[in-house]
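# Geometric and topological summary
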Amino acid sequence: MKINGFDYHRITGAGDVKLNVAVAGSGTPIVLLHGFPQTHVMWRHVAADLAADHTVICPDLRGYGASDKPADGYSKRTMAADIVAVARELGHPTFALAGHDRGALVAFRAGLDHPDTITHLMCLDVLPTLDMWEVMHGVTAAVGFHLYLMAQPPGLPERMIGAAPDDFFGHFLDIWTTDRAAVPDDVRAAYLAACREAVPSIVADYRASAGIDVEHDRADRDAQSTLRMPVSVLQQDWGAALGFDAAGLWRTWAPDLRHATVTCGHFMAEEAPDDIAKALRDLLAR
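As a starting point, this report considers the structure included with it.

About the criteria used
- Residues numbered from 1 in each chain as written.
- Predicted model: local features only at pLDDT ≥ 70, side-chain atom pairs only at ≥ 80, totals over all residues.
- Heavy atoms only, no water.
- 1 Å grid on protein atoms, 1.4 Å probe; cavity = no way out; pocket = protein on both sides within 12 Å on 5 of 7 lines; lining within 4 Å.
- Points joined across faces, edges and corners; volume = space filled by probe spheres on them.
- Helix = DSSP H or I, 4+ residues; strand = E, 2+ residues; numbered from the N terminus.
- Nonpolar A, V, L, I, M, F, W, Y, C, P; charged D, E, K, R; others polar.
- Buried < 20%, exposed > 50% of the residue type's maximum accessible area, 1.4 Å probe, protein only.
- Phe/Tyr/Trp six-rings, centres within 6.5 Å; stacked < 30°, edge-to-face > 60°.
- Lys NZ or Arg CZ within 6 Å of the ring centre and 35° of its normal.
- Contact = heavy atoms within 4.5 Å.
- Core = buried A, V, L, I, M, F, W, Y, C linked by side-chain atoms within 4.5 Å.
- Axes fitted to C-alpha atoms, helices over the stretch in contact; angles between N-to-C directions.
- Parallel < 35°, antiparallel > 145°, perpendicular 65-115°, else oblique.

Next up on the list: empty space enclosed by the protein. Counted according to the given criterion, the structure contains 1 cavity of 30 Å³ or more. Quantified by volume, the largest cavity comes out at close to 50 Å³. Along its surface, the largest cavity is lined by K76, L105, F108, R109, T129, D213, H216 and D217. Listing elements by their share of the lining of the largest cavity, those giving two or more residues are α3 (102-113) and α10 (212-222). Of the residues in the lining of the largest cavity, the class split is 2 nonpolar, 2 polar and 4 charged.

So this is what it looks like as C-alpha cells:
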C-alpha cells in the first residue's frame, strides 16, 4: 500500500540497508516515522496535509514494511543513522523529525545523536526507552506484555509470534484504537501482511530496546545530555493510569518542551490527523 500523490524511492541508510521512502511536496523538510505494528502508511492523512507547504519524507523503518530486514542492527542509534542518511541523500542536511511509537524512539535517539541535524522534534505516545523500563512495574506492567516477550533471547518469541502473527499484531491494532474506522479494513490488512513478513526483525527491534538502547540512554542521562531543539510530545493519559508524571520525565530530556495529552487512541495520526498536523505546524513555527 502507498500514500496517494507520493513518489517512492529505495534509499540506502546506514551500511547497505535500503529503505522504502515516500516523498512529496516542497519547502522545509519534515521526516515522519511510523510505529508498531504499522508502516509509513499510518501518516497518509498528516503527510498529505503537510505536503501542501513542506517536503514530506515518510520511510519504512529498517525491519518494517518494504524496507530491508537485516538480521541485526536494530539499535535506535543505527536506525536514527538510517534516517539521517536518507534525508541527506534527498538533499536535506537538516530537517524536522516526528515519530510515533517505535518511530518516536528512533526520533528521540536522532535528536540526541544528531543535534545539529534535527531542527524540531515531535514524539507521539511514548516515553524514552530508559524511562519506560523504569516506570513499568507490578500488575500495571501487563499492558506492556509484548515488551517483555520480545525482550527474550532469540528463538522463542519469534516462534510464538510466528505461529499466529495476525492474531498477535491484530490484537494491538484492535485494543489500541478508540475509533476502529480510523484503520479501515484495507489498511489493517496491509499492516498485518507487512508484519507477517517481518516477525524476526520486529522482535529484533524490540529486543534492542531491552539492551543496547537502554545502555545508550543511560550514558546520555549520566552525561546530562538533552535535546537542544524545540520538542513537542503528545500522549494519551496513560502516565496517570500507571502512576507517573509523563511530562516531568520528558522535561528532564527536553528543556524546550511542550507536552500535551490527547483523548484519542494510540494511533493518533490516523484517529486525529487534523490535530496532529496542527501540532506539527505549531512545532515548526517555534
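Let's shift gears to unusual backbone geometry. P37 follows F36 through a cis peptide bond whose omega is -5°. By the secondary structure assignment, P37 is in the loop between β3 (29-33) and α1 (44-50). Even without being a glycine, D101 presents a positive backbone phi close to 60°. Within the fold, D101 resides in the loop between β5 (95-100) and α3. Residue D101 is classed as buried on the basis of its relative accessible area of 8%. The backbone of D125 shows a phi angle near 60°, a positive value even though the residue is not glycine. Here D125 is to be found in the loop between β6 (118-124) and α4 (129-135).

This part covers the packing of aromatic side chains. Throughout the structure, instances matching the rule amount to 12 aromatic pairs. Note on F36 and Y206: the rings are 5.1 Å apart at their centroids and 75° apart in plane angle, and the pair reads as edge-to-face. Of this pair, F36 sits in the loop between β3 and α1 while Y206 sits in helix α9 (residues 199-209), and the two are 170 residues apart along the sequence. Residue class for F36 comes out buried when judged on its relative accessible area of 0%. Through a chain of ring-to-ring contacts, three or more aromatic side chains come together here, namely F36, F145, F168, F169, F172, W176, Y206 and F267. Here K2 stacks its cationic end above the ring of Y8, 5.0 Å away from the centre of that ring.

Okay, the side chain of D220 next. Counting through the fold element by element, D220 comes out in helix α10. With relative accessibility at 12%, the residue D220 sits in the buried group. Other than its neighbours up to four places away in sequence, D220 contacts R77, R109, L112, S225 and W253.

Further remarks concern the nonpolar core. With 98 residues, the main nonpolar core has L32, W43, L97 and L280 as its most contacted residues. At 7 residues, the largest contribution of residues to this core is made by α3. If near-sequence neighbours (up to four positions away) are discounted, L32 is found in contact with W43, A47, L50, V56, I57, C58, P59, A98 and L280.

All right, on to the environment of G248 then. Tracing the backbone through its elements, the reader meets G248 in helix α12 (residues 246-253). The class of G248 is partly exposed, set by a relative accessible area of 23%. Taking C-alpha positions, G248 is 9.3 Å from H259, a pair spaced 11 residues apart along the chain.

On to the packing of helix α6 (residues 156-163) against helix α7 (residues 165-175). Relative to each other, α6 and α7 sit at 90°, their axes nearing to 5 Å. Relative to α7, the element α6 lies roughly perpendicular. For the pair formed by α6 and α7, the contact residues are I161, G162 and A163 on the first element and P165, F168 and F169 on the second.

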